[in-house]
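Here is what each chain is made of, one letter per residue.
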Amino acid sequence: MEKELDCCEVNEVHSSVLQKIIAEMPDEIELYNLAELFKVFGDSTRIRILYVLFEAEVCVCDLASALNMNQSAISHQLKILKQNKLVKARREGKSVFYSLADDHVRMIIAKGQEHIEE
């Protein structure tokens with residue numbers, strides 16, 4: 001029977017490795033903020049919205065139509081994306097158009113997709 005690999009057989013702390021880890025580890029606030037950002041990506045509706053925004057700047061009406069959802073649900077998700085600085089908005093007349101905040105958003109999604117396709 002094969003031994004489980006989850007635990008070491010001896011309790012040995014490798015001090016040089018531990019010192020490097022401690023020196024490089026971001027502080028708790030930064031780690032919390034990073035975890036919160038990834039939670040935003042944990043909703044498939046928000047991912048679908050981002051994919052639409054990869055292609056074009058669109059208003060809520062366009063998003064609702066493209067995703068076959070009501071405008072209220074789309075607006076709720078856009079608010080979350082905007083609060084997390086993933087999308088930006090601009091008003092033109094009576095319409096508000098949304099776009100990706102920057103290229104980092106596209107890169108994060110692309111890396112995630114690359115990972116799941118391995």
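Residues numbered from 1 in each chain as written. Predicted model: local features only at pLDDT ≥ 70, side-chain atom pairs only at ≥ 80, totals over all residues. Heavy atoms only, no water.

*Asks:* Even after reading the chapter, I still don't get the overall build of the chain, so can you show me in this structure?
*Replies:* Across its full length, the chain carries six helices and three strands. For the chain, the spread of C-alpha atoms along the principal axes amounts to about 65 × 35 × 20 Å. Taken over 118 residues, the chain has a buried fraction of 24%. Considering only contacts within the chain whose residues lie at least 6 apart along the sequence, 48% involve residues at least 24 apart. When the accessible area of the chain is evaluated, it comes to approximately 9,300 Å², of which 54% is carbon and sulfur surface. Of note, the chain has its 14 positive side-chain charges centred 13 Å away from the centre of its 20 negative side-chain charges. (Helix = DSSP H or I, 4+ residues; strand = E, 2+ residues; numbered from the N terminus. Buried < 20%, exposed > 50% of the residue type's maximum accessible area, 1.4 Å probe, protein only. Contact = heavy atoms within 4.5 Å. Areas by Shrake-Rupley, 256 points an atom, 1.4 Å probe, with all protein chains shown as cover. Lys, Arg positive; Asp, Glu negative; His and termini not counted. Charge placed at Lys NZ, Arg CZ, Asp CG, Glu CD.)

*Asks:* Just to check I follow, could you spell out helix 5 (residues 71-83) for this structure?
*Replies:* The periodicity of an α-helix, 3.6 residues per turn, causes residues three or four positions apart to be oriented the same way. Compared with an ideal rise of 1.5 Å per residue, which puts 13 residues at 18 Å, helix 5 spans 18 Å between its outermost C-alpha atoms and is within 8% of the ideal. Buried within helix 5 are the following residues: Ile74, Gln77, Leu78, Ile80 and Leu81. The arc that holds the buried residues of helix 5, viewed along the axis, is 160 degrees, so those residues lie on one side. Looking at helix 5, the residues exposed on the side facing more than 90 degrees away from the buried face are Ser72, Lys79 and Gln83. Among the structural elements, helix 2 (28-40), helix 3 (44-55), helix 4 (60-67), strand 2 (87-92) and strand 3 (95-100) are those in contact with the buried residues of helix 5. Residue Asn70 occupies the N-cap position of helix 5, its side-chain oxygen lying 3.2 Å from the main-chain nitrogen of Ser72. (Expected span 1.5 Å × (residues − 1). Arc of directions from axis to C-beta. Polar contact = N/O pair within 3.5 Å; in protein donor to acceptor, adjacent residues only side chain to side chain.)

*Asks:* Is there a simple way to explain the nonpolar core in this structure?
*Replies:* Most often, soluble globular proteins have nonpolar side chains that are buried together. Of all hydrophobic cores here, the largest spans 22 residues; its most connected members are Ile49, Leu50, Leu63, Ile74 and Leu78. Of all the elements in the fold, those that place two or more residues in this core are helix 3, helix 4, helix 5, strand 3 and helix 6 (103-116). Not counting chain neighbours up to four residues away, the residues in contact with Leu78 comprise Ile49, Val60, Leu63, Val87 and Tyr98. (Core = buried A, V, L, I, M, F, W, Y, C linked by side-chain atoms within 4.5 Å.)

*Asks:* Looking at this structure, how should I read the side chain of Thr45?
*Replies:* Locating Thr45 in the fold gives a position in helix 3. Judged by its relative accessible area of 16%, Thr45 falls in the buried class. With residues near it in sequence (within four places) discarded, Thr45 still touches Met69 and Gln77.

*Asks:* Can you help me understand the sheet that holds strand 1 (residues 58-59) in this one?
*Replies:* Hydrogen bonds between backbone atoms are what pair the strands of a sheet, whose relative direction is either parallel or antiparallel. Read from one edge of the open sheet, three strands run 1-3-2, paired in antiparallel fashion. Of all strands in the sheet, those with a lone pairing partner are strand 1 and strand 2, marking the two edges. Relative to strand 3, strand 1 runs antiparallel, the two sharing two bridges. Bridging across to strand 3, Cys59 finds its partner in Phe97. (Pairing = 2+ DSSP bridges.)

*Asks:* How should I be thinking about the packing of aromatic side chains in this particular structure?
*Replies:* Two measures describe an aromatic ring pair: the distance that separates the ring centres and the angle between the ring planes. In this structure the tally under the stated criterion is two aromatic pairs. Arranged with centres 6.4 Å apart and planes meeting at 50 degrees, the rings of Phe38 and Phe41 form a pair that is tilted. Overall, the relative accessible area of 13% leaves Phe41 in the buried class. (Phe/Tyr/Trp six-rings, centres within 6.5 Å; stacked < 30°, edge-to-face > 60°.)

Fair warning: the whole summary comes from geometry, so function is off the table for now.
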